[in-house]
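As a plain string of letters, each chain reads:
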Amino acid sequence: MPPLKLNAVAFVSPQNHPILIRTFVQGQDELKYHYIAHTSLDVIDERITAAMASKSTDCYMNLLYTMEDVAVYGYITPLKVKIIIALALTDSVVRDADVLTIFRALHTAYRQAVANPFLRLNASIDGYNDHATILQAGSAKWRTFRKRVDDIGKAVGAVGIAA
């Protein structure tokens, strides 16, 4: 069985603002993965509505859709932060257990980053409910979070890291 290849990962706030979108494919357009993350939000919203009707509490949303050369999977944390991954499409079977392991590692990295009380010093009071304003993953303070996400990408089988 060939290893999974993680092309991109996206963290999206409960208000659907991108927190972090990280690509792991050299020479590919990063805008493509922004598009994939944003189009995934519609599918996730549909799945959340269906899950609420059936009273499901599962965080893993399975395969959302396939597009061109990627398979897109979704996960929603108990605090409604959405994690979206794009895996390279292959002819082999992708086990849900493998994908769920990736999501759990990414969720743990996010949870550890948000749990640091010292990183909220520059957050405004009115934006407190929006994780995107608190997280500011592009700032230098979040270097550890981005490094953890990159390490997970490397462990999954990503060849190179796009800046």
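None of these values were measured; they are calculated from a predicted model. Per chain, residue numbering runs from 1 following the sequence as it is written. Only residues with pLDDT of at least 70 get local features here, since the model is predicted, and only at 80 or more are side-chain atom pairs given and counted; chain-wide, interface and lining totals rely on the full set of residues. Here the side-chain values reflect all heavy atoms present in the structure, with hydrogen atoms and water set aside.

Considering the overall build of the protein chain
Defined as follows: Segments assigned H or I by DSSP are reported as helices when at least four residues long, segments assigned E as strands when at least two residues long, and all are numbered from the N terminus. Note on classification: 1.4 Å probe, protein chains only; a residue is buried when its accessible area is under 20% of the maximum for its type, exposed when over 50%, partly exposed between these limits. Contact definition: two residues touch when any of their heavy atoms are within 4.5 Å.
Secondary structure assignment for the protein chain yields four helices and five strands. Helices (α) and strands (β) of the protein chain occur, in sequence order from the N terminus, as β-β-α-β-β-β-α-α-α. A burial count over the protein chain gives 45% of its 163 residues as buried. Residue pairs at least 24 apart in sequence account for 55% of intrachain contacts in the protein chain once pairs closer than 6 positions are excluded.

Remarks on unusual backbone geometry
A negative phi holds for most residues other than glycine; trans holds for most peptide bonds. If you check the backbone angles, Asn62 has positive phi at about 65° while not being a glycine. With respect to the helices, strands and loops of the structure, Asn62 is situated in strand S3 (residues 60-67). The partly exposed category is assigned to Asn62, whose relative accessible area is 35%. Its identity is not glycine, yet Lys80 carries a phi of approximately 70°, on the positive side. Inspection of the secondary structure assignment puts Lys80 in the loop between strand S4 (70-76) and strand S5 (82-88). For Lys80, a relative accessible area of 47% puts it in the partly exposed group.

Let's talk about the pattern of salt bridges
Here is the rule: Here a salt bridge means any side-chain nitrogen of Lys or Arg lying within 4 Å of a carboxyl oxygen belonging to Asp or Glu.
Throughout the structure, instances matching the rule amount to five salt bridges. Between Lys32 and Glu68 there is a salt bridge, with the nearest N and O atoms lying 3.5 Å from each other. One end of the pair, Lys32, is in helix H1 (residues 30-54); the other, Glu68, is in the loop between S3 and S4, with 36 residues separating them in the sequence. Note on Lys32: relative accessible area 16%, which makes it buried.

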